[in-house]
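Analysis of the macromolecular model
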Amino acid sequence: MRTLLLAASLAATAPAMAETVVLHCGDVFDSTTAKLVGARTIVTTDGRIGQVLPGRVPVPGAREVDLSGHTCTPGWIDLHVHMASQSGPRSYEERFRLDDADYALRGVGYAEKTLKAGFTTVRDLGGEVTLKLRDAINSGAVKGPRIYAAGKSIATTGGHADPTNGMNSELSFMLGTPGPTEGVVNGADDARQAVRQRYKDGSDVIKITATGGVLSYARSGDAPQFTVDEVRVVVETAKDYGYAVAAHAHGKEGMRRAIEGGVTSIEHGTFMDDEIIALMKKHGTWYVPTITAGRFVADKAKVPGYFPDIVRPKAERIGAQIQDTFARAYKAGVKIGFGTDMGVGPHGDNALEFGYMVEAGMPAAEALQAATFKAAQVLGVADLGQIEPGFRADIVAVPGNPLADITLTRKVAFVMKDGVVY
Ligand SMILES: [Zn+2]
């Protein structure tokens, strides 16, 4: 009886089963070798890739999509977004006026834009509303990318992601001091509890803010905000639940503690020097640069009144630095995964990051690999990021050859997720 009920409830919530679709791709990007392999016929059934045949092979009776003159790549993965928000001059005031429902409804729009831009999977690094958006997308209620969500970011008191930063004393008093339940920790026991709370909330990954941040209402963008011990406890507890840990970090000391504490990835990594680069290579830590966010905030820092006075100098100093840091880290051989921090910049423009990576010296093929094969490794998911039989049928097509012109990634002509064409 229980089995029957379970089967019935699964059938009720699963998105419409994908039909067999055949894609005739003019060229295909092999994400494991980062090379184009020529024309392929890709047969997708029930949301997965069934066959990948050389050349153009007719498959009678199936729905066929002509993508000749196009390059097919695995669906792109953005490892750093905030799907339920988008920053702007009014964001600071909106925190006091909007409800979760407002953010959720905006998120629905952002999610569809992201999917249509070719990003079939995202990792959302902060935002409780996104947990529900993820579920709504998975149930087929709204359109969007597959989301791996952190839920609430874990911070220390006054740190980047302390939800009461910038509030007046009366409001702070009324709300009380935030603790592990709200994602604010001080000490090992708090850190352990905060991770367990994220498990209870239904998170897929853990995010910590190892240093100050640009957009938070606080003075320092780079001061360390966790002890090594606190990071270690987060990482150890996260392992109990199979979670990877992503660490937001701009300053050097915070990065050092995060890496030594065992985090999976450093996000932004702004003031990474040779010592930190060597440490990341030693520990096998991933780097998710988010150049797009850096460029965006540096640009907006020039607009009078766009940011509060406490934020503007941070945006100017940190934003301008990230692309240069990326160039050095890439040259030094740090493992790089693709991430934009969209929600800082406008959702749907995620492919800008490809251009910035190439501009900073990474070949286009490796930039695409960072958003497919490598990003899947950061997620720890075995059936994403490749066009191979058995993998999820997430496929994006762009006109022409994106290895010759990376800006073609901004002209996505076709998006398939789980075998469904959007
Ligand atoms: Zn972020």
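Below, the structure is looked at part by part. (Residues numbered from 1 in each chain as written. Predicted model: local features only at pLDDT ≥ 70, side-chain atom pairs only at ≥ 80, totals over all residues. Heavy atoms only, no water.)

1. Side note on the sheet that holds strand β10 (residues 245-249)
What holds strands together in a sheet is hydrogen bonding between their backbones, with the strands either parallel or antiparallel. Read across the open sheet, the 4 strands follow the order β9-β10-β11-β12; overall the sheet is parallel. The open sheet has two edge strands with one neighbour each: β9 (206-209) and β12 (286-288). Geometrically, the sheet is characterised by an average inter-axis angle of 25° between neighbouring strands, direction not taken into account. Examined bridge by bridge, β9 and β10 share 4 bridges and lie parallel to one another. Looking at β10, one finds that Ile206 is bridged to Val245. (Pairing = 2+ DSSP bridges. Helix = DSSP H or I, 4+ residues; strand = E, 2+ residues; numbered from the N terminus. Axes fitted to C-alpha atoms, helices over the stretch in contact; angles between N-to-C directions.)

2. Let's talk about helix α8 (residues 252-261)
All buried positions along α8 are accounted for by Gly254, Met255, Ala258, Ile259 and Gly261. Down the axis of α8, the buried side of the element spans an arc of 165°, and every buried residue falls inside it. Residues of α8 that are buried in the fold lie against α7 (228-240), β10, β11 (265-268) and α9 (274-283). Just beyond α8, the residue with positive phi is Gly262, at close to 100°. (Buried < 20%, exposed > 50% of the residue type's maximum accessible area, 1.4 Å probe, protein only. Arc of directions from axis to C-beta. Contact = heavy atoms within 4.5 Å.)

3. Brief notes about the nonpolar core
Counting residues in hydrophobic clusters, the biggest one holds 71 residues, and the most contacted among them are Ile206, Ile208, Val263, Ile266, Phe354 and Met357. Sequence-distant contacts of Phe354, that is, excluding residues within four places in its chain, are made with Trp76, Phe119, Phe338, Ala367, Leu368, Ala371, Ile406 and Thr409. In this structure, Leu23, Ile387, Ala393 and Ala397 belong to the second largest nonpolar core, which totals 16 residues. (Core = buried A, V, L, I, M, F, W, Y, C linked by side-chain atoms within 4.5 Å.)

4. A few points about the pattern of salt bridges
Here the structure, examined in full by the defined rule, presents 24 salt bridges. One salt bridge connects Glu267 with Arg123, and the closest N-O pair in it is separated by 2.8 Å. Within this pair, whereas Glu267 is found in strand β11, its partner Arg123 is found in strand β7 (residues 119-124), the two being separated by 144 residues in sequence. Pair check on accessibility: Glu267 and Arg123 agree, each one buried. Note that Glu275 and Lys252 form a salt bridge whose closest N and O atoms lie 3.0 Å from each other. Placement of Glu275 in helix α9 and of Lys252 in helix α8 is noted, with a sequence separation of 23 residues between them. Ionic contacts of the salt-bridge type, sharing partners, join the residues Arg48, Arg146, Asp383, Arg392, Asp394 and Asp418 into one network. (Salt bridge = Lys/Arg side-chain N within 4 Å of Asp/Glu carboxyl O.)

5. Looking at the packing of helix α3 (residues 100-116) against helix α4 (residues 129-138)
Remark: α3 packs on α4, axes separated minimally by 10 Å, with the N-to-C direction vectors making an angle of 50°. On the basis of the axis angle, α3 is oblique to α4. Considering the relative orientation of α3 and α4, their crossing is right-handed. Contacts from Asp100, Tyr103, Ala104, Gly107, Val108 and Ala111 of α3 reach α4 at Val129, Leu133 and Ile137. Its residues assigned to classes, the contact of α3 with α4 shows 7 nonpolar, 1 polar and 1 charged. (Parallel < 35°, antiparallel > 145°, perpendicular 65-115°, else oblique. Left-handed = near helix turned anticlockwise from the far one by under 90°. Nonpolar A, V, L, I, M, F, W, Y, C, P; charged D, E, K, R; others polar.)

6. Remarks on the packing of aromatic side chains
The full count for this structure, using the stated rule, is 9 aromatic pairs. With centroids separated by 6.2 Å and ring planes inclined at 25°, the aromatic side chains of Phe119 and Phe354 adopt a geometry described as stacked. In this pair, Phe119 is assigned in strand β7 and Phe354 in helix α13 (residues 352-359), connecting sequence segments 235 residues apart. In this structure, Phe119 and Phe354 share a single accessibility class: buried. Site record: aromatic cluster; members linked through ring pairs are Trp76, Phe119, Phe338 and Phe354. (Phe/Tyr/Trp six-rings, centres within 6.5 Å; stacked < 30°, edge-to-face > 60°.)

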